[in-house]
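Next come the chains, spelled out residue by residue.
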Protein chains: 2
Amino acid sequence: MKQLQVLLVAGTHGNEINGIWLFDEWKKSPFLINSHGIQTLKIIGNPEAKKAGTRYIHNDLNRSFKRETFSSLNSSNYEERRASELVNLYGEAGENPCQIAIDFHTTTASMGSCLVVYGRRDADLALASLIQNQLGLPIYLHESDQKQTGFLVESWPCGLVVEIGPVGQSLLNSRIILQTKLILETLMEQIHKVKNFNLFFPEKLVIHRHIKSIDYPKDKDGNLDGYVHSLRQSKDWQELKKGDELFYKLSGETIRFEEQESYIPVFINEAAYVEKNIAMSFTKRELWNFKQSWRQSLIDLVHQK
Amino acid sequence: MKQLQVLLVAGTHGNEINGIWLFDEWKKSPFLINSHGIQTLKIIGNPEAKKAGTRYIHNDLNRSFKRETFSSLNSSNYEERRASELVNLYGEAGENPCQIAIDFHTTTASMGSCLVVYGRRDADLALASLIQNQLGLPIYLHESDQKQTGFLVESWPCGLVVEIGPVGQSLLNSRIILQTKLILETLMEQIHKVKNFNLFFPEKLVIHRHIKSIDYPKDKDGNLDGYVHSLRQSKDWQELKKGDELFYKLSGETIRFEEQESYIPVFINEAAYVEKNIAMSFTKRELWNFKQSWRQSLIDLVHQK
């Protein structure tokens, strides 16, 4: 049986630095975080962007994990090369294979701590359930979004994004660092328990299922001409109902939410999403029954069956 | 008599975008801000950095206004070129001369709205007094700091920096935009009053005088190994006394303030100052008497005597 290895990634976006800093401290002080004997590899996702102090060099690395570009080790696009390199180095069939990837992000939105899963893979949902059961974190299920694809963790058999905010880009913040550390420790502990069959899954999990994203108000030339209303700013995870304030224009006009259906908005005013034409995303909060197939999938993966 | 022109600058740091956005909206809707008949020029300080989404390209533009580099229109350093260009275009002796420069900044520190003046120029102190008298904003007097020089506004006969936070880099925020707008309107109104000799100066002003800056904790290799303590984060303008918490290390160690003297800290954990080795700056709060010479200097400048 091969040994389980967990890939821990920080700085997939070069200006999200709290995780990078935590990894550096952990390397200096190996006992800083109890890895419960789980073998980990800690890497900076986008070291060039980190050096430049930007999110990315040519393209968002966390949209660059696409099957069609995975032979791109000679691409002129740095992130295409880097995505291929990471899969070659640490992918399931890579030189130093990892079975689980955890990708640590921060956001300028007031998301608190949350997990993001992409699609409905059994092992992802099992691992997310374990963490939610320990820490109560919301789970954002990102799916059915043709415009946003190519996420890092999708290239590993099991993977989660940890998303923590609000914090400015390129800013270290004590609260964010400690939240990152807590989740990392909990992940290590839970994976250890799966390894030892000492695991307890909840019967239900709460999922925030992605429905769609909406753009900022734009003028006829496509320029931003409004911003997130002060009553919507920092109200991530709080229900949005018909008539609620969405955006404000300096002309004095308030743009309201006009749909009949209500949603739970997330990633409200994430600085890096302006260029993606996303002012916020809408989700539906759902209570799901835990499936035994999820459990089995995670156990099989951890035990390398 | 030449006409008074006020240079309004936003985006001197390319990732401080709220002022840029406000200017754009103002250009689209000329009545958005009442300029009280004062002639203004609105420019983006560092348009290349704005495009790149970074603070600067080669060097901090707001440290590049140095006499020795002002013939550098052919420099390979973008910011040296840009500083020379701005002075040639809009300086007192430039093609389109401006007498007053107002430079709009944002910070990741919890500074609220404040004014920064550099050195003790009469006209600067007079204009800052008028604004403090209207809005109660704190004034940070930056002086006697050999490591930080070459500020944009120093190249104009009168100039202030408006600094507003907290807001992340490259993030639009409704509160920051409205605070910027209010100060801009108040500046226009007060300059208009000086022009019409309808001005009322306070007898006193409160100054936060720069004393020194302190660095983050570093390890023996010079790497950051601690961050701002959660009890110090966001406590700008609040007195720091002996024994108070300053920094925290993940080892569990708290680094406290050990001097006998107390200070008022500002720019606590400004993301862009990490590379300048500044974790925060210390000031002394002082009550100054208003001097008639300040008043006369501003009146003479506005009336182009």
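Student: For this particular structure, what's the right way to read the overall build of chain A?
Tutor: For chain A, the helix and strand inventory stands at 6 helices and 12 strands. The C-alpha radius of gyration of chain A comes to 19 Å, within 12% of the 19 Å expected for a compact globule of 305 residues. Over its C-alpha atoms, taken along the principal directions, chain A stretches across nearly 65 × 45 × 40 Å. Taking all 305 residues of chain A together, the buried fraction comes to 50%. Here the analysis covers contacts within chain A between residues at least 6 apart in sequence; of these, 71% occur between residues at least 24 apart.

Student: Help me understand the nonpolar core, please; the structure alone is not making it clear to me.
Tutor: Nonpolar side chains in soluble globular proteins tend to be buried together. Judged by nonpolar contacts, the single largest core of 178 residues is most densely connected at A:I102, A:L115, A:L160, B:I102, B:L115, B:I139 and B:L160. Setting aside chain neighbours within four positions, we find A:I102 in contact with A:V6, A:L8, A:V9, A:G159, A:L160, A:V162 and A:L187.

Student: Please clarify how the interface of chain A and chain B should be interpreted in this entry.
Tutor: A common way to state how big an interface is: give the accessible area lost once the parts meet. Taken together, the contacts link 24 residues of chain A with 25 residues of chain B. For the side of chain A that touches chain B, the secondary structure elements donating two or more residues are α5 (174-195) and β8 (227-228) of chain A. With 3 residues, the single largest contributor to the side of chain A that touches chain B is α5(A). In terms of residue class, the side of chain A that touches chain B is built from 9 nonpolar, 13 polar and 2 charged.

Student: I would appreciate a short explanation of the domain arrangement of chain A in the present structure.
Tutor: Residues and elements named next belong to chain A. When cut into domains, chain A gives domain 1 (5-203 + 290-302) and domain 2 (213-281). For domain 1 and domain 2, the distance between their C-alpha centres works out to 28 Å. Contacts between the two partners involve 10 residues from domain 1 and, on the opposite side, 10 residues from domain 2. Residue composition of the side of domain 1 that touches domain 2, grouped by class: 4 nonpolar, 5 polar and 1 charged.

Student: Sorry if this is basic, but what is going on with the packing of α5(A) against helix α6 (residues 292-302) of chain A here?
Tutor: Pairs of packed helices are described in terms of their axes, by the angle between the two and the distance that separates them. Residues and elements named next belong to chain A. Closest axis-to-axis distance for the α5/α6 pair is 9 Å, and the angle between their directions is 85 degrees. Overall, the two elements α5 and α6 adopt an arrangement that is roughly perpendicular. Contacts between α5 and α6 involve I191, V194 and K195 on the former and, on the latter, L298, I299 and V302. Tallied by class, residues from the contact of α5 with α6 come to 5 nonpolar, no polar and 1 charged.

Student: Would you take a moment to explain the relation of the copies chain A and chain B for this structure?
Tutor: To go from the first copy of the chain to the second, apply a rotation about an axis and then a shift along the same axis. Overlay of chain A on chain B (RMSD 0.0 Å): rotation 180 degrees, translation along the axis 0.0 Å. Here the transformation between the copies is reduced to the relation of a two-fold axis. The C-alpha atom lying nearest the rotation axis in chain A is that of A:G168; the distance is 2.0 Å.

Student: How do you make sense of the sheet that holds strand β2 (residues 39-44) of chain B when you look at a structure like this?
Tutor: Strand pairing in a sheet takes place through backbone hydrogen bonds and is either antiparallel or parallel in direction. All names here are of chain B. Strand order in the open sheet formed by 9 strands is β2-β1-β3-β6-β4-β5-β7-β12-β11, with mixed pairing between adjacent strands. The sheet is open, and its two edges are formed by β2 and β11 (264-266), each paired on a single side. Each strand axis lies, on average, 30 degrees off the axis of its neighbour in the sheet, ignoring direction. Sheet topology places strand β1 (residues 5-10) next to strand β3 (residues 100-106); 5 bridges connect them, and they run parallel. In the strand pairing of β3, V6 is matched with I100.

Student: Teacher, can you tell me more about the sheet that holds strand β8 (residues 227-228) of chain B here?
Tutor: All names here are of chain B. The sheet built from 3 strands is open, its strands ordered β8-β9-β10 with antiparallel pairing. Looking at the sheet topology across the chains shown, the edges are occupied by β8 and β10 (254-256). Pairing of β8 with strand β9 (residues 245-248) involves 2 bridges; the strand directions are antiparallel. Residue V228 lies in a different strand from β9, and its bridge partner there is F247.

Student: Explain helix α6 (residues 292-302) of chain B to me, please; I cannot follow it from the model alone.
Tutor: All names here are of chain B. Taken residue by residue, α6 has W294, S297, L298, L301 and V302 as its buried positions. End-on, the buried residues of α6 take up no more than an arc of 125 degrees, which puts them together on one face. Of the residues in α6, the exposed ones pointing more than 90 degrees away from the buried face are Q292 and S293. The inward-facing, buried residues of α6 contact α4 (122-135), β6 (158-165) and α5 (174-195). Directly after α6, the chain includes Q304, whose backbone phi takes a positive value near 55 degrees.

Student: Can you walk me through the environment of B:A126 in this structure?
Tutor: The residue B:A126 is located in helix α4 in this model. Filtering out sequence-adjacent residues up to four positions away, B:A126 remains in contact with B:F201, B:W294, B:R295, B:S297 and B:L298.

Student: Honestly, unusual backbone geometry in this entry has me stumped. Any pointers?
Tutor: All names here are of chain A. Put simply, G165 and P166 share a cis peptide bond, and its omega is 10 degrees. Here P166 shows up in the loop between β6 (158-165) and α5. Residue N269 is not a glycine yet carries a positive backbone phi of 60 degrees. Looking at where N269 falls in the secondary structure, it is placed in the loop between β11 (264-266) and β12 (280-289). Given 27 C-beta atoms within a 10 Å radius, N269 is considered buried.

Student: I'm lost on the environment of B:E203 in this one. Help?
Tutor: Residues and elements named next belong to chain B. Mapped onto the elements of the fold, E203 is located in the loop between α5 and β7 (204-214). E203 sits 87 residues away from F290 along the chain, and the two C-alpha atoms are 5.2 Å apart. Here E203 is in contact with N289 and F290, once residues within four sequence places are set aside.

Student: I keep staring at the environment of A:K147 and nothing clicks. Help me out?
Tutor: For A:K147, the location among the structural elements is in the loop between β5 (139-142) and β6. For A:K147 and A:L73, which are 74 residues apart along the polypeptide, the C-alpha to C-alpha distance reads 24 Å.

Student: In this structure, what is going on with α5(B)? I would like to understand it.
Tutor: For an α-helix, 3.6 residues make a turn, and residues three or four places apart therefore share a direction. Here α5(B) spans 32 Å end to end across 22 residues, near enough to the 32 Å set by a 1.5 Å rise per residue. Once α5(B) ends, the next one or two residues include B:F197, with phi positive near 50 degrees.

Definitions and cut-offs
- Residues numbered from 1 in each chain as written.
- Chains lettered and ligands numbered in written order.
- Predicted model: local features only at pLDDT ≥ 70, side-chain atom pairs only at ≥ 80, totals over all residues.
- Helix = DSSP H or I, 4+ residues; strand = E, 2+ residues; numbered from the N terminus.
- Rg over C-alpha atoms; globule rule 2.2 N^0.38 Å.
- Buried ≥ 20, exposed ≤ 12 C-beta atoms within 10 Å, placed from the backbone.
- Contact = placed C-beta atoms within 7 Å.
- Core = buried A, V, L, I, M, F, W, Y, C linked by C-beta atoms within 7 Å.
- Nonpolar A, V, L, I, M, F, W, Y, C, P; charged D, E, K, R; others polar.
- Domains from an automatic or database assignment.
- Axes fitted to C-alpha atoms, helices over the stretch in contact; angles between N-to-C directions.
- Parallel < 35°, antiparallel > 145°, perpendicular 65-115°, else oblique.
- Least-squares fit on C-alpha atoms with pLDDT ≥ 70 in both.
- Pairing = 2+ DSSP bridges.
- Arc of directions from axis to C-beta.
- Expected span 1.5 Å × (residues − 1).

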